[in-house]
Each structure stands twice: as structure tokens, then as C-alpha cells.
Amino acid sequence: MSEQQPYVKQTIENQVGYIEFFHPAHNSLPGNILAELAQTITDAGNNDDIKVIVLKSGGDRTFCAGASFNELININDEATGKVFFSGFANVINAMRKCPKFIIGRVQGKTVGGGVGVASATDYCMATKFAAIKLSELNVGIGPFVVGPAVERKLGLSGMSQIAIDANTFYPAEWAKQKGLFTQVFDTTEALDEAIKTFAENLCNYNPEAMKEMKKIFWQGTEDWDKLLAERAAISGRLVLSDFTKETLKRFK
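Along every chain, residues carry numbers that run from 1 in the direction the sequence is written. Reporting of local features is limited, given that this is a predicted model, to residues whose pLDDT is at least 70; pairs of side-chain atoms are given and counted only at 80 or more, and all residues count toward the totals for whole chains, interfaces and linings. No hydrogens and no water enter the side-chain calculation; it runs on all heavy atoms of the structure.

Caption draft 1: Structural context of a nonpolar patch on the surface. Patch membership is restricted to residues that have no salt bridge and whose relative accessible area is over 30%. Joining uses 9 Å for like charges and 5 Å for the nonpolar side chains Val, Leu, Ile, Met, Phe, Trp and Tyr. For the area figures, the Shrake-Rupley method with a 1.4 Å probe applies, and any residue is considered shielded solely by the protein chains shown. Salt bridge, as applied in this entry: a Lys or Arg side-chain nitrogen positioned within 4 Å of an Asp or Glu carboxyl oxygen. There is a patch of nonpolar side chains on the surface, built from Met-213, Ile-216 and Phe-217 and spanning about 300 Å² of accessible area. For Phe-217, the location among the structural elements is in helix α8 (residues 207–217). Note on Phe-217: relative accessible area 44%, which makes it partly exposed. Secondary structure elements follow DSSP: runs of H or I of four or more residues count as helices, runs of E of two or more count as strands, with numbering from the N terminus. Note on classification: 1.4 Å probe, protein chains only; a residue is buried when its accessible area is under 20% of the maximum for its type, exposed when over 50%, partly exposed between these limits.

Given below as C-alpha cells:
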């Protein structure tokens, strides 16, 4: 059996746009897939056939393991570092600017940048297997790019807790109590059923009303294009530090 290829794909069913990303390495995302994901979200936002968006990942174990480690290990200058860390920034900003509600479907563990993506959805549902971890400090950087999105959902206290405790997976129930997940289901089947019902019901509402509501929900984030680019530069600098280079060698 050939190894599965990474992809981003979109399907439309009953006016709901399902955007799915996949990578065989636990859905960790390299730059080209992140760029494709950001563009697909932007295009869905402009597509009149889509009223509501569901963001999901392929496979049944991990929602998203964050950025691609193989790419991270090969960064040798600040400019490349900034471009690499801008990948998740661009996805988060595409989600923020998208005029439609984005529902997150988190079926399994999510790490680093993946927590940022889940946090940037407007309404996020998960299974009980969807533990979250911000592991960036482990490799000598920090969750700089995804921090604003995570903080917006978990509050500064919750975000700081998981950013400092970088080795620990926090259970889905904890993420629900903090406001990241709206509901937690026992099975993926129950999750999918609830999302389908919820998303299709939203399609009955006035798109203009939802667009205006989304603007209000994201008020105060208008500077994120600039902010997240600045944050990407911090990570791009830190990834070149001796500390991080030494740490990454262990993962080779």
C-alpha cells in the first residue's frame, strides 16, 4: 500500500463547505499545505454556494500535530524561519477574516500550531480523545504565533498554563471548561452527526447577520496581520539559537 499523500480538499454538502487537511505524519503541516489551507479557507469565504464552513483533518487519531518537524530542522537563517512560522499565521488570519462561521471538528490530539487552528474556529466541537498541548517551549521556542488565538479562547491564564507546562497533554474536558471546545463527544461518529446537524441548521440563518456577528466576535484583532508576522519573526530568530539547534538534533 502506497504511503498516503498530503492534501487539502473541499467538498460542499447542503451548503456546508467541508475543508479537510491531511498529512501522513500525524497531520503535521509543512509550508505548502499551510499555504493551500489558507487559500482554500479564503476561497470558501468568497464562495456563494457555501454558507458555513467545517474545518477538519483526515485520519482518526490526531487532529493536527502542529508544524512539520522536518522543515523546522532545516531552517538555517532568520528569513526562512519567519516564512516557516508565518504558515500558521496565514491560516489563522484567513480564518479570522473569513466572513463565514467556521466550525472546528477536532477528533483527536492536537499540538502546537494545531491548538492555534482549533482556537481560530468560531465554534469548536471535539471528541474526548482531543487532548491539547503547546509543546513549543520543549524545543526552545514558544507559542508566539498561535498565542493570540489561543489566548482569545482560553484566556491569558489558560494559555500561559499550557504554554509553560509544555510536556503535558491537557484533556478535552479541560479545554471545554476553558472555552475552547463547546461540546465533547464520546465517539467520532457522534461528533460528526452533531456537526452535520449544527452546520446545516446554521445555513438557515441570514448570511449577512452571521457575517456581522463574526466581525463583532473578532473585534480588537484588526492588527493581527502585523502582530502575527512580528511573532513569526521572534520564532524565526529563536529557532536558530544554539539551544534549539541542539534540541532539534535529538529529533533527527
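Caption draft 2: Broad picture of the packing of helix α3 (residues 78–97) against helix α9 (residues 224–238). Axes here refer to lines fitted to C-alpha atoms; in helices the fit is confined to the stretch in contact. Angles between the N-to-C directions go from 0 to 180 degrees. One can describe the packing of α3 onto α9 by two numbers: an axis separation of 7 Å at closest approach and a directional angle of 150°. Taken together, the axis directions place α3 and α9 in an arrangement best described as roughly antiparallel. As for the relative orientation of α3 and α9, their crossing is right-handed in sense. Only Trp-224, Asp-225, Leu-228, Ala-229, Ala-232, Ala-233, Ser-235, Gly-236 and Arg-237 of α9 make contact with α3, whose side of the interface consists of Glu-78, Gly-81, Lys-82, Phe-85, Ser-86, Ala-89, Ile-92, Asn-93, Arg-96 and Lys-97. Note that the term roughly parallel is reserved for angles under 35 degrees, roughly antiparallel for angles over 145, roughly perpendicular for angles of 65 to 115, and oblique for everything else. Handedness of each helix crossing follows the sense of rotation of the near helix against the far helix: counterclockwise by less than a right angle gives left-handed, clockwise gives right-handed. Note on definitions: a residue-residue contact is assigned when non-hydrogen atoms from the two residues lie within 4.5 Å.

Caption draft 3: Examining the state of the cysteines more closely. The definition used for a disulfide is geometric: two cysteine sulfur atoms within 2.5 Å. Inspection of every chain in the model, using the stated rule, returns zero disulfides. Counting only cysteine sulfurs, Cys-124 is the nearest neighbor of Cys-64, a cysteine outside any disulfide, at a range of 12 Å. Taking relative accessible area as the criterion, Cys-124 reaches 1% and is therefore assigned buried.

Caption draft 4: Quick look at the side chain of Lys-214. Among the structural elements, Lys-214 can be located in helix α8. Distance and chemistry together define a polar contact, namely a pair of N or O atoms within 3.5 Å, with one atom able to donate a hydrogen and the other to accept it when in protein, and with adjacent residues in sequence counting only for side-chain atoms on both sides. Separated by 2.8 Å, the side chain of Lys-214 and the backbone oxygen of Met-95 make a polar contact. Among the polar contacts made by the side chain of Lys-214, one reaches the main-chain carbonyl oxygen of Lys-100 at a distance of 3.1 Å. Those residues within four positions of Lys-214 in sequence are excluded, and the remaining contacts are Met-95, Arg-96, Cys-98, Pro-99, Lys-100, Phe-101, Ile-102 and Asp-122.

Caption draft 5: Looking closely at the sheet that holds strand β4 (residues 62–64). Pairing between two strands requires that DSSP report at least two bridges joining them. Strand order in this open sheet of three strands is β4-β6-β8, and the pairing throughout is parallel. The open sheet is flanked by β4 and β8 (132–133), the only strands paired with a single partner. Pairing geometry for strand β6 (residues 109–111) and β8, over two bridges, is parallel. Across the sheet, residue Thr-110 finds its bridge partner in β8, namely Ile-132.

Caption draft 6: Spatial organisation of the sheet that holds strand β3 (residues 52–57). Ordered in space as β1-β2-β3-β5-β7-β9, the six strands form an open sheet in which the pairing is mixed. Of all strands in the sheet, those bounded by a partner on one side alone are β1 (7–13) and β9 (183–185). Pairs of neighbouring strands in the sheet enclose a mean axial angle of 20°, with direction left out of account. Both strand β7 (residues 123–127) and β9 contribute to a ladder of three bridges, which runs parallel. From the neighbouring strand, Met-125 faces β9, where its bridge partner is Gln-183. With respect to the sheet, helix α1 (residues 31–45) is in contact with β1, β2 (16–22), β3 and β5 (102–106), its orientation differing from that of β1 by roughly 20°. Sitting on the sheet, helix α7 (residues 188–202) is in contact with β1, β2, β3, β5, β7 and β9, with an inclination near 175° to β5.

Keep in mind that these numbers describe shape and distance, not what the molecule does.
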